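Notes for the structure review
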Amino acid sequence: MTAPKRDRPWLIRTYSGHSSARASNELYRANLAKGQTGLSVAFDLPTQTGYDADHPLARGEVGKVGVPIAHIDDMSQLFDQIPLAKMNSNLTINATAAWLLALYAATAERQGADPAALQGTTQNDIVKEYLSRGTYVFPPEASLRLITDMVTYTVDAIPKWNPVNICSYHLQEAGATPVQEIAYAMANAVGVLDAVRARDDVPEDALPRIFGRISFFLNAGIRFVEEVCKCRAMTALWDDLGRDRYGIEDPQMRRFRYGVQVNSLGLTEAQPENNVIRIVLESLGVTLSKNARTRSLQLPAWNEALGLPRPWDQQWSLRIQQILAYETDLLEHEDIFEGSKVIEARTRSLQEEALAEMQKVLDMGGVVAAIDNAYMKQRLVESHTARLRAIESGDLKVVGVNAFTETEPSPLTAAGSDSILVVDEGAEREQIERLDAFRSKRNDADVKGAITNLRDVLKNGGNVMPPSIRAAHAGVTTGEWADTLRDLFGEYRAPTGVTASGRAATSATTQAVRARVDAVSEKLGRRLKLLVGKPGLDGHSNGAEQIAVAARDVGMEVVYDGIRLTPEEIAASARDEGVHVIGLSLLSGSHGVLVLDVLKRLADLGLGDIPVVVGGIIPEADASELREAGVQRVYTPKDFDLTRIMGEIVDLVSDAD
């Protein structure tokens, strides 16, 4: 029998990295041996936010959610025995993207490769960091400059590289509707392209090649039909923008090139085995439609709502992709949705609504203006609030969470803490030791000269990439590179998107909690006051924002200053604001260090009697240790009922009074 003609599969990736460059390199080589066809590198939070492992803000965060990369030796170790000239690598990095690309290019040169041969992507979408993931460092205008520097440099120097991955993935994680996801991603891309086109060093004939290297990174949720239509709508809108706004005549250059990680927001801690079918269905939403099929795909693991996945868990997600690509017939056909009245109608609707919402952003001055005035952030917080309220009320059913909760014990989680990967607490100490050893052997004069050159080039309006590559070879560290830019550009705190006052209670349960807040407030002699704090470098603020909204809904006064606070700042705020209860949110696995640091700082200030509650992805063994240390309540993703949480917080304050 003649084998049917098949399209080439998408790039098959897993998103991974942890502990150290050596441990991550072993994981990468093992995954490549299992049939993975591209790399997707997760960096730890200090690397993402421009700190070396020995910086105070890096405490507890080193190697937790990704690999720590401080200098060229780290990067060389990360890709040991992996020829970069033949590899397609996705670097999930934003604020420090220019630096990590410089280290990557310098490492390729160490391997004897020409950087012009490199293929891959830097996420480098700093704009969406202000709206969702929170790993920004510099103000929006400076961040946009860094993005456009990379775009203009790579178009000739590394022509097969995607210098920016416009990332709607985290917009959906932050609550975006499909319309908002499309609109804000497209407005973001327009902001980048308009800024590139306005530069003096970009010749007109380079614009088509630049447009052709802009890629996107999408989310694929569980609403299968809607996700198919979303991808088709974005494909059409991008083609229209290229032709009409930028005059790109070559249809090949106008292709909508996107990669995907399927939805992590919908993964559940309760009955986590259900996540496997969710992941499979979400994968179909971005692979079945040939005319809008993803070019690369990475899947989360079934247990990511519990903690870091183990190599076996990542292998399972890898095998899901391989079965879809090689065992099914989905790559043997033309677009199976072509001519569908349902698909075409929903696609048109999404396209029209998203175009209108995008125009709102452009009319107010574009994405930078819509960040500064918090328009987009507020819309995302509102959408996420609506989603959580629908789950809480039961209008939106989530199997195993608020529906069909009866269950047998899961054999997948029977091993307890062994069901997830636990990063060795010694990883931070070892990374600091490696950092000290590297500093001791480098040439200090070369480092000083490279930093001076970097500062001078940027002060004079030059491109960040050439002096950064020189700095990489000279032995400059991530923290030193970022501090140089901090000195020039300053730092930034984005608006939280949490409005100043709560909304009217909408349910009998909410009204009852509000009445209790009023009663306790009267007893206290002033309004019950909650401090919501995010210690450390974790920028995933969705949970903290929703707690702040829920607390205001029930009548509490809320202090929420956003992300990246030190334990000292949180304790000082508790003292200065006179709060009655503190809620800490951590999703990076750093709870075992940072929560204890906050408790100590509170005790030092004589505030040890203030009740502290903690929320995050926290294994039960860790939760028990936190409770023994004095934490009053620990909430994890299974605790979806925010009104119940508010009631328990009121009880804590009442009992403590």
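The present account deals with the structure reproduced in this document. (Residues numbered from 1 in each chain as written. Predicted model: local features only at pLDDT ≥ 70, side-chain atom pairs only at ≥ 80, totals over all residues. Heavy atoms only, no water.)

One pass over the structure, following the stated rule, counts 51 salt bridges. The salt bridge partner of Arg346 is Glu226, with a shortest N-O separation of 2.9 Å. Placement of the pair is Arg346 in helix H13 (residues 341-363) and Glu226 in helix H10 (residues 224-244), with a sequence separation of 120 residues. Of the residues examined, Glu226 reaches a relative accessible area of 13% and is grouped as buried. The closest approach of N and O atoms between Asp538 and Lys534, which form a salt bridge, is 2.8 Å. Taken individually, Asp538 and Lys534 each receive the classification buried, so the pair is uniform in this respect. (Salt bridge = Lys/Arg side-chain N within 4 Å of Asp/Glu carboxyl O. Helix = DSSP H or I, 4+ residues; strand = E, 2+ residues; numbered from the N terminus. Buried < 20%, exposed > 50% of the residue type's maximum accessible area, 1.4 Å probe, protein only.)

This brings us to the packing of helix H8 (residues 178-197) against H13. Any two packed helices are characterised by how steeply their axes cross, that is the angle between the axes, and by the distance between the axes. Where H8 meets H13, the closest approach of the two axes is 8 Å, and the angle between their N-to-C directions is 50°. By the angle between their directions, the pair H8 and H13 is classed as oblique. Pair H8 / H13 crosses with right-handed handedness. Counting all contacts with H8, which are made through Pro178, Val179, Ile182, Ala183, Tyr184, Met186, Ala187 and Val190, the residues of H13 involved are Leu350, Glu353, Ala354, Glu357, Met358, Val361 and Leu362. Residue composition of the contact of H8 with H13, by class: 13 nonpolar, no polar and two charged. (Axes fitted to C-alpha atoms, helices over the stretch in contact; angles between N-to-C directions. Parallel < 35°, antiparallel > 145°, perpendicular 65-115°, else oblique. Left-handed = near helix turned anticlockwise from the far one by under 90°. Contact = heavy atoms within 4.5 Å. Nonpolar A, V, L, I, M, F, W, Y, C, P; charged D, E, K, R; others polar.)

Considering all chains together, one arrives at zero disulfides under this definition. With no disulfide of its own, Cys229 has Cys231 as its nearest cysteine by sulfur position, at a separation of 9.4 Å. Residue class for Cys229 comes out buried when judged on its relative accessible area of 0%. Take Cys231: its relative accessible area is 0%, and that puts it in the buried class. (Disulfide = S-S within 2.5 Å.)

Below, the discussion takes up the packing of aromatic side chains. Under the defined criterion, the tally for this structure stands at 14 aromatic pairs. Consider the rings of Tyr130 and Tyr492, whose centres lie 5.4 Å apart with planes at 80°: the pair is edge-to-face. With Tyr130 in helix H5 (residues 126-133) and Tyr492 in the loop between helix H19 (478-489) and helix H20 (508-524), this residue pair connects regions lying 362 residues apart in the sequence. We note that Tyr130, like Tyr492, is buried. Three or more aromatic residues link up through ring pairs in this structure, and these residues are Phe211, Phe216, Trp238, Tyr246, Phe256 and Tyr258. Its guanidinium or amino end placed over the ring of Tyr51, Arg486 lies 4.2 Å from that ring's centre, counting from NZ or CZ. (Phe/Tyr/Trp six-rings, centres within 6.5 Å; stacked < 30°, edge-to-face > 60°. Lys NZ or Arg CZ within 6 Å of the ring centre and 35° of its normal.)

The next thing to look at is the packing of helix H17 (residues 444-459) against helix H18 (residues 465-474). One can describe the packing of H17 onto H18 by two numbers: an axis separation of 9 Å at closest approach and a directional angle of 170°. Classified by the angle their axes make, H17 and H18 are roughly antiparallel. Considering how the two elements wind past one another, H17 and H18 form a crossing that is left-handed. Between H17, through Asp446, Val447, Gly449, Ala450, Asn453, Leu454 and Val457, and H18, the contact on the second element is made entirely by Pro467, Ser468, Arg470, Ala471 and Ala474. A per-class count over the contact of H17 with H18 returns seven nonpolar, three polar and two charged.

Let us look at helix H11 (residues 275-284). By the criterion of burial, H11 is predominantly enclosed, with seven of the 10 residues buried. Those residues of H11 that sit buried are Asn275, Val276, Arg278, Ile279, Glu282, Ser283 and Leu284. Buried residues in H11 make contact with strand E8 (215-220), H10, strand E9 (258-262), strand E10 (296-298) and helix H12 (311-326).

Within E9, five of the five residues are buried, which leaves it mostly tucked inside the rest of the structure. Neither face of E9 is exposed, since Tyr258, Val260 and Val262 on one face and Gly259 and Gln261 on the opposite face are all buried. Between E8 and its parallel partner E9, the chain crosses via H10, and the hand of that crossover is right-handed. Strand direction decides the pairing type here: E9 and E10, joined by three bridges, are parallel. Paired with Gly259 across the strands is Ser296, a residue of E10. Handedness of the β-α-β unit built from E9, H11 and E10 comes out right-handed. (Right-handed = clockwise from strand over helix to strand, strands pointing away. Pairing = 2+ DSSP bridges.)

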